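Notes for the structure review
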Amino acid sequence: MSATTVGTLALRPLDPLKDAGLLHGWVTHPKAAFWMMQDARLQDVERAYLEIAADEHHHAYLGLHDGEPAFLMEKYDPAHRELVGLYEPQPGDVGMHFLVAPTDRPVHGFTRAVITAVMEFLFQDPATRRVVVEPDVDNKAVHALNEAVGFVPEREIQKPEKKALLSFCTREQFERAVRA
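Right, let's walk through the structure included here. (Residues numbered from 1 in each chain as written. Predicted model: local features only at pLDDT ≥ 70, side-chain atom pairs only at ≥ 80, totals over all residues. Heavy atoms only, no water.)

**Comments concerning the side chain of K162**
Tracing the backbone shows K162 in the loop between β7 (152-158) and β8 (163-170). Under the relative-accessibility criterion, K162 is labelled buried at 10%. (Helix = DSSP H or I, 4+ residues; strand = E, 2+ residues; numbered from the N terminus. Buried < 20%, exposed > 50% of the residue type's maximum accessible area, 1.4 Å probe, protein only.)

**Brief notes about the pattern of salt bridges**
Evaluation of the coordinates by the stated rule reveals 11 salt bridges. R130 is paired through a salt bridge with D93; the nearest N and O atoms lie 2.8 Å apart. Note that R130 is positioned in strand β6 (residues 130-133) and D93 in strand β5 (residues 93-100), a separation of 37 residues in sequence. The same class applies to R130 and to D93, which are both buried. One salt bridge connects E154 with R155, and the closest N-O pair in it is separated by 3.4 Å. For R155, a relative accessible area of 35% translates into the label partly exposed. What you see here is one network of salt bridges that share partners, running through E82, E134, K159, E161 and K162. (Salt bridge = Lys/Arg side-chain N within 4 Å of Asp/Glu carboxyl O.)

**Thoughts on helix α1 (residues 16-27)**
Under the 1.5 Å per step criterion, the end-to-end length of α1 is only 14 Å for 12 residues, more than 12% shorter than the ideal 16 Å. Among the residues of α1, those classed as buried are P16, D19, A20, L23, W26 and V27. Buried residues of α1, viewed axially, fall in a sector of 130°; they line one side. (Expected span 1.5 Å × (residues − 1). Arc of directions from axis to C-beta.)

**What to know about the packing of aromatic side chains**
Tallying each qualifying case throughout the model produces 3 aromatic pairs. With a centroid separation of 5.0 Å and 65° between ring planes, the pair formed by Y61 and F121 is classed as edge-to-face. With Y61 in strand β3 (residues 58-65) and F121 in helix α3 (residues 110-123), the pair connects residues that are 60 residues apart, well separated along the chain. (Phe/Tyr/Trp six-rings, centres within 6.5 Å; stacked < 30°, edge-to-face > 60°.)

Pasting the structure below:
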């Protein structure tokens, strides 16, 4: 759990069947265009997260804001998922995706608090040496958030579904960024 200026943020393992209805509304919302599930049916979301739950190299977490579902985080091993053959993984690399739920009442600073809590969660594991992300090159908002928590872009890569900006953040870069 992480107490922030916007409230308490926590993560729990995602339950693919119980949480699919909630996630369906999030991933099909126009705000989630970069999640690439705009046309997904409820069954598609269930199937996608059941596959993640069965995958030893990919994990999904539901993020809670003051106890209520508010964001999604996926953690994956880039040596086995998402980035295989697109860069040279190092020991301790952890891949991450996050999505903040759409809301009619945005809270200033909330998304930055979420990515900070996500990074703290990932770096709680002493084996995590570096977090790897590969957002769409056109997702300028997430590039700014990534930079704010210490990510450094390395290069553009072509994934099957998108052109992505491969970026890295070490534990030290993160700690420097959040202390600044």
